[in-house]
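Working through the structure, step by step
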Amino acid sequence: MRFILIGIGLTFAGFLVLGVMGSQYQAATFESNEFGTCYEYFEDKPPQEINCSFKIMDQTVFFALVMGLLVSGGIALIKGVRGDWDSKVKPEDIVGPGNTQNKDSDGKQD
């Protein structure tokens, strides 16, 4: 169950990061393909021309980060859904009613 929760959390985080910060990283491809020059945009000063390879490298690193979150979330989901490892408990480790192997404090069997 915990892998399912971790997988849902990682997948949600990946989509959230992509949705919130993704728009600023897609401009590099458009600028480089259409115009051949890339610009760094600032709020308080005019745009400054930069090398397109730096901007595309930032875009690639961001894409790798998002894909890492999504893939690790998917792997955790698959492991959580397919996993029967948490239901494989040794009989001597079972706690609670229905366990006939453990003795209570009086020395009686359940």
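So, here's what we can say about the structure. All values derive from a computational prediction rather than experimental measurement.

1. Focus on the overall build of the protein chain
Along its length, the protein chain carries 3 helices and 2 strands. Here the protein chain, with 110 residues, has 16% of them falling under the buried criterion. Put simply, 56% of the contacts in the protein chain that link residues at least 6 apart link residues at least 24 apart. Surface accessibility of the protein chain: about 8600 Å² in total, with carbon and sulfur atoms responsible for 62%.

2. As for helix α3 (residues 52–82)
For α3, spanning 31 residues, the distance from its first C-alpha to its last is 44 Å, which sits close to the expected 45 Å at 1.5 Å a residue. Turning to α3, the residues buried within the fold contact α1 (2–21), α2 (27–34), β1 (38–40) and β2 (48–50).

3. Quick word on the state of the cysteines
Per the stated rule, a full pass over the model turns up 1 disulfide. In this model, Cys38 is linked to Cys52 through a disulfide, with the two sulfur atoms separated by 2.1 Å. Residues Cys38 and Cys52 are joined through a disulfide that is right-handed, its torsion about the S-S bond being 110 degrees. Of the two residues, Cys38 is situated in strand β1 and Cys52 in helix α3; the sequence distance between them amounts to 14 residues.

4. Description of the packing of α2 against α3
Relative to each other, α2 and α3 sit at 145 degrees, their axes nearing to 9 Å. Helix-helix and strand crossings are classified by hand; for α2 and α3 the assignment is left-handed. Of the residues in α3, those touching α2 at Ala28, Thr29, Glu31 and Ser32 are Cys52, Lys55, Ile56 and Gln59. Residues belonging to the contact of α2 with α3 are distributed by class as follows: 3 nonpolar, 3 polar and 2 charged.

5. Quick look at the packing of α1 against α3
Orientation of α1 relative to α3, taken along the N-to-C sense of each, is 160 degrees, at an axis distance of 7 Å. The pairing of α1 with α3 is recorded here as roughly antiparallel in orientation. With respect to the hand of their crossing, α1 and α3 are arranged in left-handed fashion. Grouping the amino acids of the contact of α1 with α3 by side-chain chemistry returns 17 nonpolar, 7 polar and 1 charged.

6. What to know about the packing of aromatic side chains
Inspection of the entire model under this criterion finds 1 aromatic pair. An angle of 45 degrees between the planes, with centres 6.5 Å apart, marks the rings of Tyr39 and Tyr41 as tilted. Here the guanidinium or amino end of Lys45 rests over the ring plane of Phe42, the centre of that ring lying 4.5 Å away.

The rules behind each value
- Residues numbered from 1 in each chain as written.
- Predicted model: local features only at pLDDT ≥ 70, side-chain atom pairs only at ≥ 80, totals over all residues.
- Heavy atoms only, no water.
- Helix = DSSP H or I, 4+ residues; strand = E, 2+ residues; numbered from the N terminus.
- Buried < 20%, exposed > 50% of the residue type's maximum accessible area, 1.4 Å probe, protein only.
- Contact = heavy atoms within 4.5 Å.
- Areas by Shrake-Rupley, 256 points an atom, 1.4 Å probe, with all protein chains shown as cover.
- Expected span 1.5 Å × (residues − 1).
- Disulfide = S-S within 2.5 Å.
- Axes fitted to C-alpha atoms, helices over the stretch in contact; angles between N-to-C directions.
- Left-handed = near helix turned anticlockwise from the far one by under 90°.
- Nonpolar A, V, L, I, M, F, W, Y, C, P; charged D, E, K, R; others polar.
- Parallel < 35°, antiparallel > 145°, perpendicular 65-115°, else oblique.
- Phe/Tyr/Trp six-rings, centres within 6.5 Å; stacked < 30°, edge-to-face > 60°.
- Lys NZ or Arg CZ within 6 Å of the ring centre and 35° of its normal.

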